[in-house]
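Close look at the chain arrangement
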Amino acid sequence: MKVPVKWLNEFIDTGLSPAELAHRLTMAGLEAEKITTIGAEWDKVFVGYVESVARHPDADRLVLATVDAGEHRLTVVTGAPNIAEGQLVPLALAGARLIDGHSEGQVYKTLKPGMIRGVRSEGMVCSEKELGLSDEHEGILVLEETAPKGAPLVEWLGDTVIEFEITPNLVHDFSILGIAREASALTDRPLTLPPSFDLDRAPVAAEDLVTIEAPDLCARYVAVVIEGVNVGPSPAWMQRRLLAAGVRPINTSVDVTNYVMLEYGQPMHAFDADQLAGGRIIVRRARPGETIETIDHQQRELTREMLLIADAERPIGVAGVMGGTNTEVNDATTRIVLESANFDMTSIRAAARALKLRTDASARFERGLDPNLAREAAARATRLLLELSPGATVTAVADVYPRPRLPRPISLPFSEIERLLGIRFASAQVLEVLQRLGFAPRLEGEGDAMVLHVTVPTWRSDVTLGADIVEEVARIIGYDVLPERLPTGQTAPVHRDPVFALQRQIRSLLTGAGAWETITYVAVGEEDLRRLHPEGALETGLHEVDADALVRMRNPLQADRDILRPTLLPSLLHIAAENLKHERGVRLFELARLYLPGEGELPREVNGLAILLAGARNPLSRFTAGSEQEGDLDFFDLKGMIETMLSRLGVECATFQRIAFAPLHPGRVAGLFIGDRRIGILGELRPDRAAAFGIEAPRVAVAEIDIDALRAAAHPVPADVRVPRFLPVEQDFAIVVTEETPASEVEAALRAGAGPLATAVTLFDVYRGPQIGESRKSLAYRVTFTAPDRALTDTELGKVRDRIARTLRKRVGGELRA
Amino acid sequence: MATMTAQETIDDIRQRALAQLDAAATLDEAIAWEREFLGSRGEVTLFLRGLSALPPEERPVAGRGGNALKQELGAAWERRHAELASADLERRLADDAVDVTLPGRPTDLGAAHPVSEMIDELSEIFALLGFQTVFGPEVETAHYNFDQLNIPSEHPARDVWDTIHVDLPGEIVLRTHTSPMQARVMEQTEPPVRVVVPGRVYRYEAQDASHEWMFHQLEGLAVDRNITMADLKGTLAEMARQLFGAERRIRFRCDFFPFVEPGVDFAVDCALCSGKGCRVCKGSGWLEMGGAGMVHPNVLRAVGYDPEVYSGFAFGLGVERLVMMRSGVDDLRAFAGNDLRFLRQFARAA
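Residues numbered from 1 in each chain as written. Chains lettered and ligands numbered in written order. Predicted model: local features only at pLDDT ≥ 70, side-chain atom pairs only at ≥ 80, totals over all residues. Heavy atoms only, no water.

1. A short note on helix α6 (residues 236–244) of chain A
Residue and element names in this part refer to chain A. Just so we agree on the cut-off: Partly exposed describes any residue whose relative accessible area lies between the buried limit of under 20% and the exposed limit of over 50%, with all areas from a 1.4 Å probe on protein chains only and scaled to the type maximum. Numbering of helices and strands runs from the N terminus; a helix is a DSSP stretch of H or I covering at least four residues, while a strand is a stretch of E covering at least two. Here the arc refers to the directions that run from the helix axis out to each C-beta atom. What makes two residues a contact is simply this: any of their non-hydrogen atoms within 4.5 Å.
The set of residues buried in α6 consists of Met 238, Arg 241, Leu 242 and Ala 244. One face of α6 carries all of its buried residues, which in axial projection span an arc of 165°. Elements that come into contact with the buried residues of α6 comprise β1 (2–4), α1 (5–11), β2 (31–38), β12 (159–165), α7 (252–264) and α10 (373–388).

2. Remarks on the layout of surface pockets
Which entries qualify depends on this criterion: With a 1 Å grid laid over protein atoms only, a set of points is called a cavity when a 1.4 Å probe fits there but cannot get out and a pocket when it is open yet has protein on both sides within 12 Å along at least five of seven lines; lining residues have an atom within 4 Å of a point. Grid points are joined across faces, edges and corners, and a volume is the space filled by probe spheres set on the points.
Empty space within the second largest pocket amounts to approximately 1,900 Å³. The wall of the second largest pocket is formed by 39 residues, among which Lys639(A), Glu643(A), Phe656(A), Ser744(A) and Glu747(A) lie closest to the centre.

3. Quick look at the sheet that holds strand β38 (residues 776–785) of chain A
Residues and elements named next belong to chain A. Rules: Pairs of strands are assigned from DSSP output, requiring at least two bridges between the strands. In this analysis an axis means a line fitted to C-alpha atoms, helices contributing only their contacting stretch, and an angle means the value between N-to-C directions, from 0 to 180 degrees.
One open sheet holds the 4 strands; their spatial order is β37-β38-β36-β39, and the pairing between them is antiparallel. The strands lining the two open edges of the sheet, one partner per strand, are β37 (758–767) and β39 (815–817). Ignoring which end each strand starts from, the neighbouring axes of this sheet average 35° apart. Where strand β36 (residues 729–738) and β39 come together, 3 bridges link them in antiparallel fashion.

4. Observations concerning the pairing of strand β6 (residues 214–224) of chain B
All names here are of chain B. Summarising burial for β6: 11 of the 11 residues are buried, a large majority. Residues of β6 alternate between two faces, with Met 214, His 216, Leu 218, Gly 220, Ala 222 and Asp 224 on one and Phe 215, Gln 217, Glu 219, Leu 221 and Val 223 on the opposite face, all of them buried. In the sheet, strand β5 (residues 193–202) pairs with β6 via 10 bridges, with the strands oriented antiparallel. Paired with Val 195 across the bridge in β6 is Leu 221.

5. Quick word on the sheet that holds strand β4 (residues 59–69) of chain A
Residue and element names in this part refer to chain A. If you walk across this open sheet you meet the 5 strands as β5-β4-β3-β6-β11, and the pairing is antiparallel. One side of each edge strand has no neighbouring strand; the edge strands of this open sheet are β5 (72–78) and β11 (123–125). Each strand of the sheet is rotated relative to its neighbour by a mean of 40°, with strand direction disregarded. Here β4 runs beside β5; their pairing, made up of 7 bridges, is antiparallel. The residue bridging Leu 64 from the neighbouring strand is Val 77, located in β5.

6. Quick notes on a positive patch on the surface
Stated formally: Each patch is built from salt-bridge-free residues with over 30% relative accessible area, joining like charges within 9 Å and nonpolar side chains (Val, Leu, Ile, Met, Phe, Trp, Tyr) within 5 Å. The Shrake-Rupley method, run with a 1.4 Å probe sphere, supplies the accessible areas, and residue values consider only the shown protein chains as cover. Salt bridges, as used here, are contacts in which a Lys or Arg side-chain nitrogen is within 4 Å of a carboxyl oxygen on Asp or Glu. Under this rule, positive means Lys or Arg and negative means Asp or Glu; His and the chain ends count for nothing. Here the site of a charge means NZ on Lys, CZ on Arg, CG on Asp, or CD on Glu.
Taken together, Arg803(A), Arg806(A), Lys810(A) and Arg811(A) make up a surface patch of like positive charges. Residue position: Lys810(A) is located in helix α21 (residues 794–812).

7. Here's the deal with the domain arrangement of chain B
Reports of interface size often rely on the accessible area that becomes lost once the parts have come together. Defined as follows: Those domain boundaries reflect an automatic or database domain assignment.
By the assigned domains, chain B splits into domain 1 (6–95) and domain 2 (114–346). Spacing between the C-alpha centres of domain 1 of chain B and domain 2 of chain B amounts to 89 Å.

8. A look at the pattern of salt bridges
The full count for this structure, using the stated rule, is 76 salt bridges over all chains. Put simply, Arg475(A) and Glu182(A) hold a salt bridge, and the shortest N to O gap is 2.7 Å. Highlighted residues: Arg475(A) in helix α13 (residues 466–477) and Glu182(A) in helix α5 (residues 176–187), separated in sequence by 293 residues. With relative accessibility at 6%, the residue Arg475(A) sits in the buried group. With its nearest N and O atoms 3.2 Å apart, the salt bridge here joins Asp167(B) to Arg554(A). Note that Asp167(B) is positioned in the loop between β3 (165–166) and β4 (172–174) and Arg554(A) in the loop between α15 (526–532) and β29 (563–564), a pairing that runs across two chains. Asp167(B) sits in the partly exposed class, given a relative accessible area of 44%.

The following block contains the structure:
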């Protein structure tokens, strides 16, 4: 809400600069978002008196005006059609910074004297646009006769506008009066109300002028009938204030209702009384099928929940939202009905939402206005309308207010202030602050039993509880006085979140292994999933995902990304594609939730881990260029990383098995299993799938792991750690098996044969060649044998070797090479 | 050639041997010398072995002289060998020298995302203050996201959170804040409660340099008898000092959040200018960190806590915002961009 400070000063003289005032209000809960100065650029613009206007010798459309601004008397050449002798006008001298009237928007230029069609122009008379007051550039701005000739224009027209952000709980502050009240409480300076018309002196309207048929939605309706109004442009001062407050001037009738809405926060509407069928106003719910054309010339379909203003025959306005064209005030109007009413906040909010029509009026009503405001505002508006239409009279006043709202009493223990704030204020200070806010406070009792009774004015609908009173006290005194302490008392029981702990371990392991953590958007599009699965089911490799059961957003930011991802891979692939535009290679991972259909009302959120490796294995360096290591990241880099991670997490029972998963290379894809349960997939993306994400790297290795499942298999710290006392014995075993025998089975057989003495088994070579025959391979393992309690003997190891040979032969048909 | 006496032979060998040893320039030459004179077929060895062939009267003199020679040459050889070995080692070391200004073998480390790093740091700070870190669902019911937080559906306060709705029966939303966990935690525990809740939150908000539809918050909640706003101020001040320096100050400003009363937003004085006003704090001297206040009586009542017995404070802050404040990042979108050139700049041991 924009508040012109000169306007505010009519209500209160705070004695503060606009910046200080804005700061004080901000700290008390009325946040000043912006302070703008009208006229900040006007240091070379003065109030000038047009002494004479003469024809330009060489141009029909231009005139020479001699303008006197006290110290400066200039002749200017102007094309302004409205300039005339005797006017007071803004006169800009050479060097003034003005907005270019002929450019779109606000383009500043500096005024220079110049020759216009052979006549020298020393300065310029300005339009509103050139001064930055409005977009008006048809003619020059003509000032009121009372403007001080020769004075800097900023003294006459300059102002400061403070723009406040009004939080949704505050309705009383949604007006100049409300802000003045706050300022009054903060500065302890008195409030002055502007002049109003005494409605009590006006004739009471016939009983059927206003009928409220929906008293649940309309607490009060004040109607003032005024005759002899003169509908035309408002005076310049009113227009300027409206503009400064961000409201476009229209005509006297509309401008006065807007002006008073800004002043008091009470939205009002003026109907053309001669257009009211039956001369009546009826407040009722809409009937099925009713429509209305609102003054923005939109045809609106009304529903039964909407509150209407109607005459005897038809809707004439959507209550609290917008009036109808059928009774709109125009230049020919002479008799108006001024409406100042109170409507139910919930109903207005629903109507504004349903009609997608949020207006200044609805924004105020939906916060819950004080019905006691309606008559005060009507009295103020009436006064202004009469001022602007000399000779107009109030012919009738109706005020339907069946159940007046009374001030609310709140009682709280005085100690509540200290209990919530942690600081004790003197009772006198508390009473004074509340009084300054317009509350009626009273203390009862003594010491710990002292009770604070507060009567809350009806404009403070936001204050309903003891805690609200505590806040009022704190914000006016200021939070800076609060001491800093730490909570004392019993601490809460200790609980380490196991998933968080696991995620931190994984993060630490993977970053140590050279991978970078990413955090990506949770939304994917069906197109992203189709990049992985051009056809067929949208499986993730981990979870069954039915395309119809994907969790979707109703109002996604991007219409084509409406799925809450069931897999992290597409997001990571997009990030990889972007990074590979400037990186040799990437190692990325993300720890995030997957969203799967749930059994209850919420989806199932699974904690996932995705890893992606692509591009060069090593950074460019003199050590790797041209050497063996200068290769691309592949399946085994990924698998190694995962194996190390699993080992460090104490996951001992995991196995890797060949599986089928459509988006991955059919020969380089594995499932990560705990027992029979697949908890992860890893492999290289098919090149055509990688290309669908715009990745050209020859190999893109990806993995996705369900870490909730992983957690169940992780054993953090072993319970039987021993210090080795005997030297280990290492022996190599070259095992020849058929080509199709999986290495994992060979190793399993080797371990089974070796028994518990084998403390480490490492595959160090895979050999194929003529010596071992067609379709066969030789796997070379180094086995480390250690016994905890003795040095191993050759005899003992010989027996183990025999057992290994037997087991290999039996389980995988393997032969030991000598 | 006249036959030499034994003594003459000894003198001759000594003279040649010592001269030759002196001339040995390399370790190999020294080893060859040792073989030539002291080896099993060396001159000294042969001389000593030939003693028996000498006339008996010469034998004692020749024997003593020969053994003395053997010892003398042995000692000389040890000395010379050590000299040459040492010179040889120095030479090999000199040959092995490198340009120490050449870059080392790269150790390729990754790093945590700055947002996770900040969450870890906050979690640790609050753990020291007795707060447990807990997590909640990101897809949430309107009941927890709004109703339990004193944000009724018909109230304009609901509009403050531009909400992304999830296409499921009932009113299901992407949580707009981490606050729903306030009610979830309190429903499951008796006071005292001290938790922080980090996590992703979502808003229906067009993206620009300071707005994102997905970001992270950290919620804090402490409920007990006698929890006050002074405790809140002290707790937040401790956090700010841990993050931004020991001399930092916290400022409260009255603000409205439906689930707290009194409600404030809290700011920390700008570390760059110490509150004097600069580019980073846009001249105000203060940087807004988040919202906070005393848990609203309606929120306590909704979870079955008696607001006349228990009081509590709650706060929420934007994690990205803290990273931006600390590292001067000026575009919120960079966090979800995950450009490695951006992420690398945060890679420091925490």
